[in-house]
Amino acid sequence: MLTTIERRLEIVETTNDKGKVDVAELAKKYVVSTVTIRNDLNNLSDKGLVIRSRGGAVINSRIAKELSVKEKHCEHLSVKQKLAVVAASLVNDGESIILDSGTTTEEIAKQLHNHKNLVVMTNGLNIIAELAAGGDAEVMSTGGTLRKKSLSFYGRKAESSLTNLRFDKVFLGVDGIDEKANLTTHFEHEATLNSMMCDISKEVIAVTDSSKFNRNGFYIISSLDSIDTLLTDSRIPQYYKDYLAEKRINLIIVPHPDD
């Protein structure tokens, strides 16, 4: 039996995949009452994760669909490569850093091969492989349970591996930055681990292409005003520029390849 949170997460995923869902069909699928499903849909609609419709709900086009690592690798690749070059320039020889899992941070890892005496902690299997292929960085892994879709490790073992450690910088990837200026992701355990990474790092640097703005993941990692630096491209919406300026958060912008 799924918990309420798990059921609602599945409903969001089904809505994103099919474009719409029906109350009666969901009630039958989850063996719950139609009243329960209506409450689920109303709750998800209030959060902006679906749009309520007569007899069900439809997809909210502003929700960030979770892609596999293979799909993400091809998405906005030229932008990610530009971001990675600048991100790597923020890393000093001899520092200890965390690279969050993801394809943007994988591109950062590719730019670190000429750095000296780095210690790099990561929960990304793809990043471990990239760092192992070259350079002299000491590579640390969180370990834990491997989530195959994202090639990321999660769980209690991953979380416990960060206990009593401190790092100079964390480079954080996100699935979405919503209109309330929250950094979000699709996976609950990843949000928990990301929050821990931020807590044990002196400097938090979020790195994301501009397609992630006004997109909602299901779980909040942190608020945008809790980070130190945001690195993105020139298509960042003006609202977020103003927000970051008001909060005195460092904003670094690289030119979008298509501008």
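Right above here is the structure, for reference.
These numbers come from a predicted model, not from an experiment. (Residues numbered from 1 in each chain as written. Predicted model: local features only at pLDDT ≥ 70, side-chain atom pairs only at ≥ 80, totals over all residues. Heavy atoms only, no water.)

So, the packing of helix α1 (residues 4–18) against helix α2 (residues 23–30)
Alright, step 1. Direction vectors running N to C along α1 and α2 enclose 135°, while the axes themselves pass 12 Å from each other. If you check the angle between α1 and α2, you find them oblique. Every pair of crossing elements has a handedness; the one defined by α1 and α2 is right-handed. Residues Arg7, Glu10, Ile11 and Thr14 of α1 touch α2, and the partners they reach there are Leu26, Lys29 and Tyr30. (Axes fitted to C-alpha atoms, helices over the stretch in contact; angles between N-to-C directions. Helix = DSSP H or I, 4+ residues; strand = E, 2+ residues; numbered from the N terminus. Parallel < 35°, antiparallel > 145°, perpendicular 65-115°, else oblique. Left-handed = near helix turned anticlockwise from the far one by under 90°. Contact = heavy atoms within 4.5 Å.)

Looking at the sheet that holds strand β15 (residues 250–254)
Alright, step 1. Ordered by their spatial adjacency, seven strands build an open sheet running β6-β5-β4-β9-β12-β14-β15, and the pairing between neighbours is parallel. Looking along the sheet, the strands with just one partner apiece sit at the ends: β6 (138–141) and β15. Averaged over all adjacent pairs, the angle separating strand axes in this sheet is 20°, with direction ignored.
Alright, step 2. Of the pairings in the sheet, the one linking strand β4 (residues 96–99) to strand β9 (residues 167–172) comprises three bridges and is parallel in character. Considered in β9, the bridge of Ile97 is made with Lys169.
Alright, step 3. Together, β4, β5 (119–122) and β6 form the strand contacts of helix α7 (residues 125–132), whose direction differs from that of β5 by roughly 155°. (Pairing = 2+ DSSP bridges.)

Concerning the environment of Glu203
Alright, step 1. Of note, Glu203 is situated in strand β12 (residues 201–207).
Alright, step 2. Between the C-alpha atoms of Glu203 and Ile220, which are 17 residues apart in sequence, the distance is 19 Å.
Alright, step 3. When residues no more than four places from it in sequence are discounted, the contact partners of Glu203 are Asp168, Lys169, Val170, Asp228 and Thr229.

A short note on the packing of aromatic side chains
Alright, step 1. Going through the model one piece at a time under the given rule, you end up with four aromatic pairs.
Alright, step 2. Between Tyr154 and Phe187, the aromatic rings sit 4.8 Å apart at their centres with planes inclined by 90°, giving edge-to-face as the arrangement. Taken together, the positions of Tyr154 in strand β8 (residues 152–154) and Phe187 in the loop between β11 (182–185) and α9 (188–199) put the pair 33 residues apart, joining distant regions of the chain.
Alright, step 3. The buried category is assigned to Phe187, whose relative accessible area is 16%.
Alright, step 4. Ring pairs connect the aromatic residues Phe213, Tyr239, Tyr240 and Tyr243, which therefore count as one cluster.
Alright, step 5. For Arg147, the ring lying beneath its charged end belongs to Phe187, and the centroid distance is 4.2 Å. (Phe/Tyr/Trp six-rings, centres within 6.5 Å; stacked < 30°, edge-to-face > 60°. Buried < 20%, exposed > 50% of the residue type's maximum accessible area, 1.4 Å probe, protein only. Lys NZ or Arg CZ within 6 Å of the ring centre and 35° of its normal.)

Examining the side chain of Glu130
Alright, step 1. Here Glu130 shows up in helix α7.
Alright, step 2. We note that Glu130 is buried and unpaired, the nearest opposite charge coming from Lys110 at a distance of 5.0 Å.
Alright, step 3. Each residue touching Glu130, except ones within four places of it in the same chain, is listed here: Glu106, Ala109, Lys110 and His113. (Lys, Arg positive; Asp, Glu negative; His and termini not counted. Salt bridge = Lys/Arg side-chain N within 4 Å of Asp/Glu carboxyl O.)

Points about the pattern of salt bridges
Alright, step 1. Under the definition given, this model contains five salt bridges.
Alright, step 2. Of the charged contacts, one joins Glu95 and Lys169 as a salt bridge, the two residues approaching to 2.6 Å between their closest N and O atoms. Of this pair, Glu95 sits in the loop between α5 (77–89) and β4 while Lys169 sits in strand β9, placing them 74 residues apart in sequence. There is no split in this pair, since Glu95 and Lys169 are both buried.
Alright, step 3. We note a salt bridge from Lys110 to Glu107, for which the minimum N-O separation is 3.1 Å. Within this pair, Lys110 and its partner Glu107 are both found in helix α6 (residues 103–110), separated by three residues, close to a single helical turn.
Alright, step 4. Beyond isolated ion pairs, a larger network of salt bridges with shared partners links Arg7, Arg8 and Asp40.

Topic: the pairing of β6
Alright, step 1. When β5 meets β6, the two strands line up parallel, connected through four bridges. Residue pairing for β6: Val120 is matched across the bridge by Val139.
Alright, step 2. In this fold, the crossover linking β5 to β6 by way of α7 has right-handed handedness. (Right-handed = clockwise from strand over helix to strand, strands pointing away.)

Digging into the nonpolar core
Alright, step 1. In this structure, Ile37, Leu41, Leu183, Leu224 and Ile227 are the most contacted members of the largest nonpolar core, which totals 44 residues.
Alright, step 2. Where this core is concerned, the elements lending two or more residues are α1, α2, α3 (34–46), β9, α9, β12, β13 (219–223) and α10 (238–247). (Core = buried A, V, L, I, M, F, W, Y, C linked by side-chain atoms within 4.5 Å.)

Here we look at the sheet that holds strand β2 (residues 50–53)
Alright, step 1. The antiparallel open sheet is built from three strands, whose spatial order is β1-β3-β2. The sheet is open, and its two borders are formed by β1 (20–22) and β2, each paired with just one other strand. The sheet shows a mean angle of 25° between the axes of neighbouring strands, taken without regard to direction.
Alright, step 2. With respect to the sheet, α1 is in contact with β1, β2 and β3 (56–59), its orientation differing from that of β1 by roughly 125°.
Alright, step 3. Across the sheet, α3 is in contact with β1, β2 and β3; its angle to β2 comes to roughly 130°.

None of the figures reported here should be taken as evidence of function without further support.
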